[in-house]
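# Report on the structure
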Amino acid sequence: MNMEPRIAICMVVAIVLGMIGSYWIDRLYSRPNAPLSFPEDIENRSRFRKPLLMLFLFGCVLHFSAVPLPQAVYLAAASFFLLLYTFTDFEQYVIFDLMLLPFAVIGLVAMIHLDWSIYDHLIAAVVGGAAFLLLAITTHGAIGGGDIKLIAALGIWLGGKLLLNVVIIGCILAGVSGLMMLIVKQKDRKSFFAYGPYFALTTLYILIKSTS
């Protein structure tokens with residue numbers, strides 16, 4: 001496919017997915033008893049979400065459109081969910097189970113369809129999830145349930161070696177970001193902190209780099 005039609009198609013896909021994703025987030029925010037950290041500040045904290053989501057999706061979809069099918073479809077789907085987690089966790093410190101479940105299921109389908117190592121990927125999911133569960137217990141909730149489930153789902157997609165890279169890089173980025181927020185007094189030591197976006201964005205970077 002020529003470059004110009006491919007750009008146009010990717011742009012349309014990004015706009016549609018961005019609208020669907022933003023609408024989905026808003027619907028989950030509006031549910032009774034939704035576990036939001038800033039329920040009174042939804043509109044302000046999400047004011048740039050839709051255009052940014054569309055922009056990032058366009059870049060991802062355009063990049064993955066050069067990858068052979070069906071891998072391109074799986075990677076575009078992964079980027080969609082990873083970006084949704086990034087926005088919900090930054091906005092409200094929450095990663096919804098209803099968004100994690102289809103991500104994990106698509107990862108399982110991709111694992112079988114693309115002939116990934118089932119043993120490696122499932123072990124990564126179990127060990128990664130268990131390790132973060134233990135970390136959540138020992139840190140008295142500093143790691144949230146959404147982070148635990150996200151790491152388990154990422155294990156399905158990445159396998160052991162890449163998951164370890166995501167955890168290490170994500171923790172370093174989160175630590176640097178947290179330190180900067182403390183320095184500028186945006187947060188204090190008792191404040192909640194979103195780890196999910198750093199794992200999600202690191203994963204997205206690795207997926208893009210592996211297909212460059």
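Refer to the structure above for everything that follows.
Below, the structure is looked at part by part. (Residues numbered from 1 in each chain as written. Predicted model: local features only at pLDDT ≥ 70, side-chain atom pairs only at ≥ 80, totals over all residues. Heavy atoms only, no water.)

### Notes on the nonpolar core
In terms of nonpolar packing, the biggest core is built from 50 residues, with Leu82, Tyr85, Phe103 and Leu154 touching the most fellow members. Broken down by element, the residue count for this core peaks at 11 residues, all from helix α4 (residues 71-92). When near neighbours in sequence (up to four residues on either side) are disregarded, phenylalanine 103 contacts Ala78, Phe81, Leu82, Tyr85, Ala153, Leu154 and Trp157. (Core = buried A, V, L, I, M, F, W, Y, C linked by side-chain atoms within 4.5 Å. Buried < 20%, exposed > 50% of the residue type's maximum accessible area, 1.4 Å probe, protein only. Helix = DSSP H or I, 4+ residues; strand = E, 2+ residues; numbered from the N terminus. Contact = heavy atoms within 4.5 Å.)

### Quick word on a nonpolar patch on the surface
A contiguous nonpolar patch, built from Leu164, Ile168, Ile169, Ile172, Leu173, Val176, Leu179, Met180, Leu182, Ile183 and Val184 and spanning about 1,000 Å² of accessible area, is present on the exposed surface. Looking at where isoleucine 183 falls in the secondary structure, it is placed in helix α8 (residues 160-183). (Patch = residues over 30% accessible without salt bridge, like charges linked within 9 Å, V, L, I, M, F, W, Y side chains within 5 Å. Areas by Shrake-Rupley, 256 points an atom, 1.4 Å probe, with all protein chains shown as cover. Salt bridge = Lys/Arg side-chain N within 4 Å of Asp/Glu carboxyl O.)

### Quick notes on the pattern of salt bridges
Close approach of charged atoms allows side chains of opposite charge to pair. Inspection of the entire model under this criterion finds three salt bridges. A salt bridge links arginine 49 to aspartate 26; its shortest N-O distance comes to 3.1 Å. You can see arginine 49 sitting in helix α3 (residues 49-64) and its partner aspartate 26 sitting in helix α1 (residues 3-29), a full 23 residues away along the chain. Residue arginine 49 is classed as buried on the basis of its relative accessible area, which comes to 2%. With a shortest N-O distance of 3.0 Å, arginine 49 and glutamate 91 are connected by a salt bridge. In this pair, arginine 49 sits in helix α3 while glutamate 91 sits in helix α4, placing the two residues 42 residues apart along the sequence.

### What to know about the packing of aromatic side chains
With the rule as written, the count across this model stands at 11 aromatic pairs. Seen from their ring centres, phenylalanine 90 and tyrosine 198 are 5.9 Å apart, and the 80° between their planes marks the pair as edge-to-face. Of the two residues, phenylalanine 90 is situated in helix α4 and tyrosine 198 in helix α9 (residues 196-210); the sequence distance between them amounts to 108 residues. Classification of tyrosine 198 as buried rests on a relative accessible area of 12%. With a centroid separation of 5.2 Å and an interplanar angle of 15°, the aromatic rings of phenylalanine 103 and tryptophan 157 are classed as stacked. Here phenylalanine 103, found in helix α5 (residues 97-113), pairs with tryptophan 157, found in helix α7 (residues 145-158); they are 54 residues apart in sequence, far enough to count as distant. We classify phenylalanine 103 as buried; its relative accessible area is 1%. Using a relative accessible area of 6% as the deciding quantity, one classes tryptophan 157 as buried. Sitting over the face of the ring of phenylalanine 38, arginine 45 holds its NZ or CZ atom 3.9 Å from the ring centroid. (Phe/Tyr/Trp six-rings, centres within 6.5 Å; stacked < 30°, edge-to-face > 60°. Lys NZ or Arg CZ within 6 Å of the ring centre and 35° of its normal.)

Function-wise, these values are silent; they only describe arrangement.
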